[in-house]
Amino acid sequence: MAKRWALTQHVCGACYGRILARPCGDEIEFCCANCGREQVGEDETCICACGRLDAECRLNTDRSPEWPGEVVAVALAG
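Here the structure is a predicted model, which means the values were calculated and not measured.

Draft legend 1. Seen up close, the pairing of strand β2 (residues 18-24). Looking at chain direction, strand β1 (residues 6-11) and β2 are connected through three bridges and run antiparallel. Across the sheet, the residue bridging to L7 is L20, located in β2. In sequence, β1 turns back onto β2 through a hairpin of six residues, with Y16 there showing a positive phi of about 70 degrees. Bridge count between β2 and strand β3 (residues 27-32): six bridges; the pairing is antiparallel. Bridge pairing in β3 links R22 to E29. Adjacent in sequence and paired antiparallel, β2 and β3 are bridged by two residues, among which G25 carries a positive phi angle near 65 degrees.

Laid out in structure tokens, this is it:
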């Protein structure tokens, strides 16, 4: 039986698309639902915007037609 993908609360560090995850042995396989970028690692930071020093993935508390994403990357104060 194939292992199913699950949505995460993270976005891709390359295109800001939603990150999917599924078990892959002792680690987890991550894939961007938008650009298809894939990475295997222990957690989402191997592929998501949180892996960058200047950003963090957060739930979008102010969704609108202009910013409809459930999860967004937020720039951290430098």
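Read on, since the account is not over.
Draft legend 2. Representation of the nonpolar core in the model. Core analysis: the biggest nonpolar cluster contains twelve residues, these being V11, C12, I19, A21, F30, C32, I47, C48, A49, A55, C57 and V71. Contributions of two or more residues to this core are made by β2, β3 and β5 (55-59). Other than its neighbours up to four places away in sequence, V11 contacts Y16, G17, I19, C48, A49, C57, V71, V72 and A73.

Draft legend 3. Focus on a negative patch on the surface. A surface patch of negative charge is lined by D26, E27, E42 and D43. Structurally, the position occupied by D26 is in the loop between β2 and β3.

Draft legend 4. Just the sheet that holds β1, in detail. Spatial strand order, β1-β2-β3-β4: four strands in an open sheet with antiparallel pairing. Each edge of the open sheet is held by one strand with a lone partner, namely β1 and β4 (38-41). Within the sheet, the average angular offset between the axes of one strand and its neighbour, ignoring direction, is 35 degrees.

Draft legend 5. Representation of the environment of D26 within the structure. With relative accessibility at 85%, the residue D26 sits in the exposed group. With ten residues separating them in the primary sequence, D26 and G36 have C-alpha atoms 22 Å apart.

Draft legend 6. How the structure looks around unusual backbone geometry. With a phi angle near 70 degrees, Y16 is a residue other than glycine that sits in the positive phi range. By the element assignment, Y16 lies in the loop between β1 and β2. For Y16, a relative accessible area of 45% puts it in the partly exposed group.

Draft legend 7. Geometry of the pattern of salt bridges. Taken as a whole and judged by the stated rule, the model has three salt bridges. Note that E70 and R18 form a salt bridge whose closest N and O atoms lie 3.2 Å from each other. Separated by 52 residues along the polypeptide, E70 in the loop between β5 and β6 (71-75) and R18 in strand β2 bring together distant segments of the chain. Two residues, R22 and E29, come together in a salt bridge whose shortest N-O distance is 3.0 Å. Residue classification places R22 among the partly exposed residues on the basis of a relative accessible area of 24%.

Reading the values: rules and limits
- Residues numbered from 1 in each chain as written.
- Predicted model: local features only at pLDDT ≥ 70, side-chain atom pairs only at ≥ 80, totals over all residues.
- Heavy atoms only, no water.
- Pairing = 2+ DSSP bridges.
- Helix = DSSP H or I, 4+ residues; strand = E, 2+ residues; numbered from the N terminus.
- Core = buried A, V, L, I, M, F, W, Y, C linked by side-chain atoms within 4.5 Å.
- Buried < 20%, exposed > 50% of the residue type's maximum accessible area, 1.4 Å probe, protein only.
- Contact = heavy atoms within 4.5 Å.
- Patch = residues over 30% accessible without salt bridge, like charges linked within 9 Å, V, L, I, M, F, W, Y side chains within 5 Å.
- Areas by Shrake-Rupley, 256 points an atom, 1.4 Å probe, with all protein chains shown as cover.
- Salt bridge = Lys/Arg side-chain N within 4 Å of Asp/Glu carboxyl O.
- Lys, Arg positive; Asp, Glu negative; His and termini not counted.
- Charge placed at Lys NZ, Arg CZ, Asp CG, Glu CD.
- Axes fitted to C-alpha atoms, helices over the stretch in contact; angles between N-to-C directions.

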